[in-house]
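# Overview (structure and organization)
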Amino acid sequence: MTTSVQASGPAPVRVLVVDDHELFRRGLTMLLGVDGGITVVGEAGDGEEGLRLATSTTPDVVLLDVRMPKGSGIAACKAIKDAVPAAKIIMLTVSDEEADLYEAVKSGASGYLLKDSSIDEVAQAVRVVADGQSLISPSMAVKLLDEFKHMSQGERTPAPNLKLTERELQVLRLVATGINNREVAKRLEISENTVKNHVRNILEKLQLHSRMEAVMYAVREKLLDPPP
């Protein structure tokens, strides 16, 4: 007697929502819950509660407000990454101040979206960062690239011999433009899995945690020229 086993699809991305605005938080939770590829495992109204829930539920992705009571979202981001290193964090905020973006990146955030993003954009961002990529809103990308140019003009201590290969530098230059792995693969005429392997190797060599951190570090240390 044989038993047939049905192949199951990919497991839903497990998401934790942390925002002090209850109406926004509940609405976001409800709308994401409709998406069959996403499961909301909890919601919290401040950073302390968010850290407790992240520790107990170990989500794949945390949607985290930048400005909250009982500690800022930036502080909560760092604490959650320390407690649950595998969790990917997307910062949600009404702010378009550059300082928020850079602080979020330094604290380990993988994504940064403005709160006026559509629910489809938020859901797509969840999938992108869960897949190991980074994502920021287009307006933030422009400011980030401007900052790269300023960073590259300053006096910097020479970088240590990190021995990035020429191919890894090519990948890093393309990542700096904000394109995803698929587009990088298309431009370099290599497979998407090969791109993922290169990104992982780059992060290991730079001892960093996200694609955005790698690009900021590389430009700061003059490992590559910023995009024109």
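On a predicted model such as this, the values are computed, not experimentally measured, just so you know. (Residues numbered from 1 in each chain as written. Predicted model: local features only at pLDDT ≥ 70, side-chain atom pairs only at ≥ 80, totals over all residues. Heavy atoms only, no water.)

With that out of the way, let us pick up the packing of helix α7 (residues 166–175) against helix α9 (residues 192–206). Taken N-terminus to C-terminus, the directions of α7 and α9 make an angle of 100°; their axes are 10 Å apart at the nearest point. Of the possible angle classes, the one that applies to α7 and α9 is roughly perpendicular. Residues Arg 167, Glu 168, Val 171 and Leu 172 of α7 touch α9, and the partners they reach there are Val 195, His 198, Val 199, Asn 201, Ile 202 and Lys 205. Split by residue class, the contact of α7 with α9 holds five nonpolar, two polar and three charged. (Axes fitted to C-alpha atoms, helices over the stretch in contact; angles between N-to-C directions. Helix = DSSP H or I, 4+ residues; strand = E, 2+ residues; numbered from the N terminus. Parallel < 35°, antiparallel > 145°, perpendicular 65-115°, else oblique. Contact = heavy atoms within 4.5 Å. Nonpolar A, V, L, I, M, F, W, Y, C, P; charged D, E, K, R; others polar.)

With that out of the way, let us pick up the side chain of Ser 117. Note on placement: Ser 117 falls in the loop between β5 (111–114) and α5 (119–130). There is a polar contact of 2.7 Å between the side chain of Ser 117 and the backbone oxygen of Leu 114. (Polar contact = N/O pair within 3.5 Å; in protein donor to acceptor, adjacent residues only side chain to side chain.)

A word on the pairing of strand β1 (residues 13–18). Summarising burial for β1: five of the six residues are buried, a large majority. In terms of strand pairing, β1 meets strand β2 (residues 38–44) through six bridges, oriented parallel. Along β2, the bridge assignment pairs Val 17 with Glu 43. Handedness of the β-α-β unit built from β1, helix α1 (residues 22–33) and β2 comes out right-handed. Pairing of β1 with strand β3 (residues 61–65) involves four bridges; the strand directions are parallel. Across the sheet, the residue bridging to Val 15 is Val 61, located in β3. (Buried < 20%, exposed > 50% of the residue type's maximum accessible area, 1.4 Å probe, protein only. Pairing = 2+ DSSP bridges. Right-handed = clockwise from strand over helix to strand, strands pointing away.)

Another point: the confidence of the model for the chain. Across the chain, pLDDT averages 79, with 75% of residues at or above 70. Mean pLDDT values for the elements of the chain range from 61 in helix α6 (residues 138–153) up to 95 in β1. Here residues 1–7 scores under 50 on pLDDT; set against residues more than four positions off or in separate chains, the count is zero contacts. (pLDDT = per-residue confidence, 0-100.)

Moving on to helix α8 (residues 181–188). Buried residues of α8: Asn 181, Val 184, Ala 185 and Leu 188, and no others. Angularly, the buried residues of α8 cover 100° about the axis, an arc narrow enough to put them on a single face. Turned more than 90 degrees away from the buried face of α8 sit Arg 182 and Lys 186, all of them exposed. One or two residues past the end of α8 sits Glu 189, with phi positive at roughly 60°. (Arc of directions from axis to C-beta.)

The N-to-C vectors of α7 and α8 enclose an angle of 130°; their axes lie 10 Å apart at closest approach. With respect to each other, α7 and α8 are oriented oblique. Judged by the sense of rotation from one axis to the other, the crossing of α7 with α8 is right-handed. Together, Arg 167, Gln 170, Val 171 and Leu 174 of α7 and Val 184, Arg 187 and Leu 188 of α8 make up the contact between the two elements. (Left-handed = near helix turned anticlockwise from the far one by under 90°.)

Under the counting rule described, the total for this entry stands at twelve salt bridges. Notably, a salt bridge pairs Glu 43 with Arg 25, separated by 2.9 Å at the nearest N-O pair. Placement of the pair is Glu 43 in strand β2 and Arg 25 in helix α1, with a sequence separation of 18 residues. You can call Arg 25 buried: its relative accessible area is 9%. Across the salt bridge formed by Asp 131 and Lys 196, the nearest N and O atoms sit 3.4 Å from each other. Here Asp 131, found in the loop between α5 and β6 (135–136), pairs with Lys 196, found in helix α9; they are 65 residues apart in sequence, far enough to count as distant. Three or more residues joined by partner-sharing salt bridges are found here, namely Glu 22, Arg 25, Arg 26 and Glu 43. (Salt bridge = Lys/Arg side-chain N within 4 Å of Asp/Glu carboxyl O.)

Take a probe with the size of a water molecule and roll it over the atoms, and the empty space left behind shows itself. Summed over the entire model, instances satisfying the criterion amount to one cavity of 30 Å³ or more. Leu 172, Val 175, Val 199, Ile 202, Leu 203, Arg 211 and Ala 214 together form the lining of the largest cavity. Among the secondary structure elements, those contributing two or more residues to the lining of the largest cavity are α7, α9 and α10 (211–220). Sorting elements by how many residues they give to the lining of the largest cavity places α9 first, with three residues. (1 Å grid on protein atoms, 1.4 Å probe; cavity = no way out; pocket = protein on both sides within 12 Å on 5 of 7 lines; lining within 4 Å. Points joined across faces, edges and corners; volume = space filled by probe spheres on them.)

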